[in-house]
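The primary structure of each chain is shown beneath.
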Amino acid sequence: MNFELTEKQKLVRNSVRAFSEDVLGPLASSVDRDAIFSWEAANELSKINAWGIQLPEKYGGADLDSISYAITIEEISRVCGATGLGLTVHNSVGAYPILKWGTEDQKERFLYDIASGKKITGFTWTEPNAGSDAAGIECMAIEDENDYILNGSKIFVTNGGVASVLLVGTKYKKKNGETGMAAILVEKDMKGYEIGKKEDKLGVRSNLTTSLYFNDVRIPKENILGKESDGFKIAMHTLDVGRIGIAAQALGIAQAALEHSVEYAKGRVQFKKPISSFQGVSFKLAEMATEVDAARLLVYRAAHAKDTKERFSKESAMCKYYAGDIAKKVTLDALQIHGGYGYMKDLPIERYVRDAIVTSIYEGTSEIMKLIISQQILRGNI
Ligand SMILES: Cc1cc2nc3c(=O)[nH]c(=O)nc-3n(C[C@H](O)[C@H](O)[C@H](O)COP(=O)(O)OP(=O)(O)OC[C@H]3O[C@@H](n4cnc5c(N)ncnc54)[C@H](O)[C@@H]3O)c2cc1C
């Protein structure tokens, strides 16, 4: 077992950290306040190949391993959690399934523009009546000659306001009576595709979360990923991948909160001493640092498992559950250490708290992660 990053992984960390601090740092607070997506930042992200982190060079991607991927999302989220979210969703649950299950034609049609950031992508499964119960979706695609006609609606779509192509989960019905669940690629310029309201959110505000409506959208069969009946399997496997990225996002937010807290505790003087000299504060810092480190180990282990194992549901669920939960705790601890100043918007601490909360909700809540972990261990995968 090797706990050292490779030279390339260290280089990724250093370069993405420098980029994030220089380019995203000056924007992070204002895009959060105004809840706007920064196309300026999106263009800059293209220059470091962040829209195609794991796509092969053949399609214009950076072709990095999964630990480098996690490091990239972690470093970007350390500065701007909302940008980390948009990127991880685009790369993991948007681009990845096209690479894994797409036909060569689908890869040629979509992956170049996805890798360059010209086309932003995402994954939309959740509906008003189907959240944790992913099998309960009601969108329906009915076969019609060489197409499917899609009707229904989706909610809480990350990148929804800016995506050009999305993986959409739907039930389907064929002329021969076959029914099931399919994963289809729906494009923004298709007739009947309508973007709904932009959500006004607590955190990750500069990512444009929207609802979507499909009104008789004609989907050519060339836009189905895998076989029609593969949809649910594709979604579950894709979420295993996605959760590593969400965990890396949570980790980056928690790391930022820890670093700020250490600096603040050393500099803030009360009772004629730095507050770091009080055990009530320094022990809190010790707990935070340990939790952040433990989350990092789980995230990198899951990333390594993705590169080396066929299935990694347990590792992925564990890192998402743990990193999401400690991100909430560590950011709240950071706020407490900053006292009243931490509560004010002049400092980024309250943004970290707001951004951390949702990491234990999307791509499966912490309760659903525990369900996956317990099912795995009870089956003997301990
Ligand atoms: C900002 C944001 C962005 C999102 N982006 C996307 C996206 O891009 N694509 C997408 O498809 N979805 C997205 N989602 C949706 C997200 O994945 C769901 O919100 C999440 O899966 C939970 O579903 P729900 O909100 O319907 O809650 P529910 O499923 O109604 O759950 C409510 C509560 O009940 C608990 N619960 C439910 N079932 C069980 C159970 N069996 N055992 C124990 N507890 C249970 C849950 O853990 C939760 O605490 C996003 C959500 C948010 C907030």
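The shown structure was predicted, so the numbers you read here are calculated from the model rather than taken from an experiment.

Caption draft 1: View of the environment of A141. Relative to the elements of secondary structure, A141 occurs in strand 2 (residues 140-144). A sequence separation of 41 residues divides A141 from A182, and the C-alpha atoms of the two residues are 8.6 Å apart. In this structure, A141 is in contact with Y148, I149, L150, T170, K171, Y172 and K173, ignoring residues within four places of it in sequence.

Caption draft 2: Inspection of the layout of surface pockets at higher detail. Estimated volume of the largest pocket: approximately 1,100 Å³. If you go around the largest pocket, you meet 43 residues; those closest to its centre are T126, I361, Y362, E363 and G364. Elements represented by at least two residues in the lining of the largest pocket include exactly helix 4 (81-101), strand 1 (121-124), strand 3 (147-157), helix 6 (231-267), helix 10 (349-357) and helix 11 (366-378). Among the elements that take part in the lining of the largest pocket, helix 6 stands out by supplying six residues, more than any other. Within the lining of the largest pocket, the residues separate by chemical class into 22 nonpolar, 12 polar and nine charged. The space that makes up the second largest pocket amounts to roughly 620 Å³. Considering the residues around the second largest pocket, the lining is formed by 21 residues, among which N2, F3, I67, Y300 and R301 are closest to the centre. Only helix 1 (7-34) and helix 7 (279-308) provide two or more residues apiece to the lining of the second largest pocket. Per-element accounting of the lining of the second largest pocket gives the leading share, nine residues, to helix 7. In terms of residue class, the lining of the second largest pocket is built from eight nonpolar, five polar and eight charged.

Caption draft 3: Just empty space enclosed by the protein, in detail. The tally for this structure, following the rule as stated, stands at three cavities of 30 Å³ or more. A volume near 180 Å³ is recorded for the largest cavity. The wall of the largest cavity is formed by 19 residues, among which F37, S38, A41, T83 and S206 lie closest to the centre. Broken down by secondary-structure element, the contributors of at least two residues to the lining of the largest cavity are helix 1, helix 2 (39-47) and helix 4. Counting residues per element, the lining of the largest cavity draws most heavily on helix 4, at four residues. Looking at side-chain class alone, the lining of the largest cavity contains 13 nonpolar, six polar and no charged residues. Inspection of the lining of the largest cavity shows a minimum of three residues originating in each of domain 1 (7-120) and domain 2 (123-230).

The rules behind the values
- Residues numbered from 1 in each chain as written.
- Predicted model: local features only at pLDDT ≥ 70, side-chain atom pairs only at ≥ 80, totals over all residues.
- Heavy atoms only, no water.
- Helix = DSSP H or I, 4+ residues; strand = E, 2+ residues; numbered from the N terminus.
- Contact = heavy atoms within 4.5 Å.
- 1 Å grid on protein atoms, 1.4 Å probe; cavity = no way out; pocket = protein on both sides within 12 Å on 5 of 7 lines; lining within 4 Å.
- Points joined across faces, edges and corners; volume = space filled by probe spheres on them.
- Nonpolar A, V, L, I, M, F, W, Y, C, P; charged D, E, K, R; others polar.
- Domains from an automatic or database assignment.

Function cannot be read off these values alone, since they describe shape.
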